[in-house]
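Okay, here's what each chain looks like letter by letter:
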Amino acid sequence: MLHRAHTKATYVTSGRQCAGRSCVARPLLPAQRSVRDVALATAAPPAAGSTSQAAQAPAAPANGAPSPAALTGGPVAEVNIGYWELLNTAESGEVFSQRARSASDAAVLRRKGHLKEQDRLIDFMRRMHETHTCEEVMLKMERWIAEHRQDPKRSRLRRLIPGIGIFFTPLKLVEAFREYDAFFALSRRKYIPPNFAELRHVVNIAQVHASADTLKLITFDADGTLYADGAHMEQDNQMIAHIINLMRSNVQVAIVTAAGYPGEPEKFEKRVMGLLEAFRKLKLSPEVTSRFHIMGGECNYLLRVRPDDKRLEFVPDNEWKTATMQSWKEEDIVALLDEGEAMLQEGAKRLNLAVNVIRKNRAVGIVPTQPTIYEVLEDIALTIQTQLVAKVPFCAFNGGNDVFVDVGNKLLGLEALMRYLQVAPPEVLHVGDRFTDSGNDVATRDICSVLWVANPEETGFFIKMLLKDIRKSRWQPYIE
């Protein structure tokens, strides 16, 4: 997808209309006010408990009700029926009959939660909307990405965005934008350009379509991606069916998480108990369950499913760890964790933050004992990233509710997993929610394509889209 950001993004808000024409503020005429009031009155209410920071998009028409665009008498974009079905259709194929359920499903792509927006490529695309229409931005960026894939060192994109890395697949951004625009009408806005989350959604859609044909391994972050922070994968988790269908489609699936429990596979099992129970209830064959793994502690522990009882077991280190990982000395690891712990405590003291220290074999972290804000944890994580020097690789990251220093990182974990499963970077896709400068997913951008999601609901949406593409390309039925 796109390379990791090495510096924080600068945010630019443009007052010019998305279509690229000069805009003049003018009051609404009485007729326009009435049309607006009718459109708002016909819009479905948002999902309970959800908030939207993106600009309001037209709600899906339910049971023949006219859309807001039709009420205004303006041009109505041709709706991509497949996209509407994806938003409004349950896994069994039945269309939602109630307006509220349809709006709730569509609202998945409007919620950002506590997503922090740092990405140099997407920020550059935002700034381009000051002088370009939405489609012009996507057309140029798609062309520049194709050129960059041919010559990464001397491409126009390299000059415009220094430090941009590898794109492992082509991205058809124009098609993805039209697909998204048919539902959310970005191109018909007069004064408000697409925001960060909307551009992220468009890039995600392009990446899903690009990866579907050749996908052999998909990896997921756990907390905030597959389930809520601090939760576990219960039996009612929507991702259970998606993961099983990916495995049945001959795709390897792995959870790559910071959680690490050396010698205790039962603790890993507790985090995915609903999924393992589904394996047993469906009596999945060993051939299918062999396609599921968990990479724990960023890159320190690999687990697989036992064929007989569908329990987890550790894969011996000599079967999957790289030579570099096996060369790490225990005294160097202890020194790293000692220094990391000291810096974590110093940072907490400097910022007047009361914390509990958690020390593990391959990680050390702090958990605040009092309410705090994201920026405090961000400052501690970035301080350690820039000042800690060690003989072994490490990852210092802001988990949203804590700050941890782990031995290794997810890039090393994915590298070892790809070698173990014999897959190449263009055949791999990583899904996560921490791609900011202080996130532990950002390193994966250097080795494979990624999907950046804000919450588990977004993960479910994009994986449902991915499964639809896989079924279309491989002619495989979707099995509930």
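Per an unreviewed UniProt entry, the protein is named IMP-specific 5'-nucleotidase 1, and its organism is Chlamydomonas schloesseri. According to the UniProt record, the Subunit (unreviewed entry) comment for the protein reads "Homotetramer." Taken from UniProt, the Sequence similarities (unreviewed entry) comment for the protein reads in full: "Belongs to the ISN1 family."

Below, the discussion takes up the environment of G413. As for its placement among the helices and strands, G413 is situated in helix α18 (residues 410–421). Here the alpha-carbon distance between G413 and M295, two residues 118 residues apart in the chain, equals 6.9 Å. In this structure, G413 is in contact with M295, E298 and C299, ignoring residues within four places of it in sequence.

Once that is clear, we can look at the packing of helix α5 (residues 120–128) against helix α9 (residues 196–212). In contact at an axis separation of 10 Å, α5 and α9 are set at 115 degrees when each is read in the N-to-C sense. The angle between α5 and α9 places the two elements in the roughly perpendicular class. α5 and α9 meet at a crossing whose hand is right-handed. Contacts between α5 and α9 involve I122, M125 and R126 from the former and F196, L199, R200 and V203 from the latter. A class-by-class count of the residues in the contact of α5 with α9 yields five nonpolar, no polar and two charged.

Membership of the largest hydrophobic core comes to 78 residues, with the highest contact counts inside it found for M141, I218, L246 and L466. Non-local contacts of I218, meaning those with residues more than four positions away in its chain, are made with L246, V251, Q252, V253, A254, L429, V431, I463 and L466. Counting residues in each nonpolar core, the second largest holds 40 residues, with V256, V315, A348 and V428 among its members.

Rules behind the numbers
Residues numbered from 1 in each chain as written. Predicted model: local features only at pLDDT ≥ 70, side-chain atom pairs only at ≥ 80, totals over all residues. Heavy atoms only, no water. UniProt positions renumbered as here; feature names shortened; annotations may be inferred. Helix = DSSP H or I, 4+ residues; strand = E, 2+ residues; numbered from the N terminus. Contact = heavy atoms within 4.5 Å. Axes fitted to C-alpha atoms, helices over the stretch in contact; angles between N-to-C directions. Parallel < 35°, antiparallel > 145°, perpendicular 65-115°, else oblique. Left-handed = near helix turned anticlockwise from the far one by under 90°. Nonpolar A, V, L, I, M, F, W, Y, C, P; charged D, E, K, R; others polar. Core = buried A, V, L, I, M, F, W, Y, C linked by side-chain atoms within 4.5 Å. Buried < 20%, exposed > 50% of the residue type's maximum accessible area, 1.4 Å probe, protein only.

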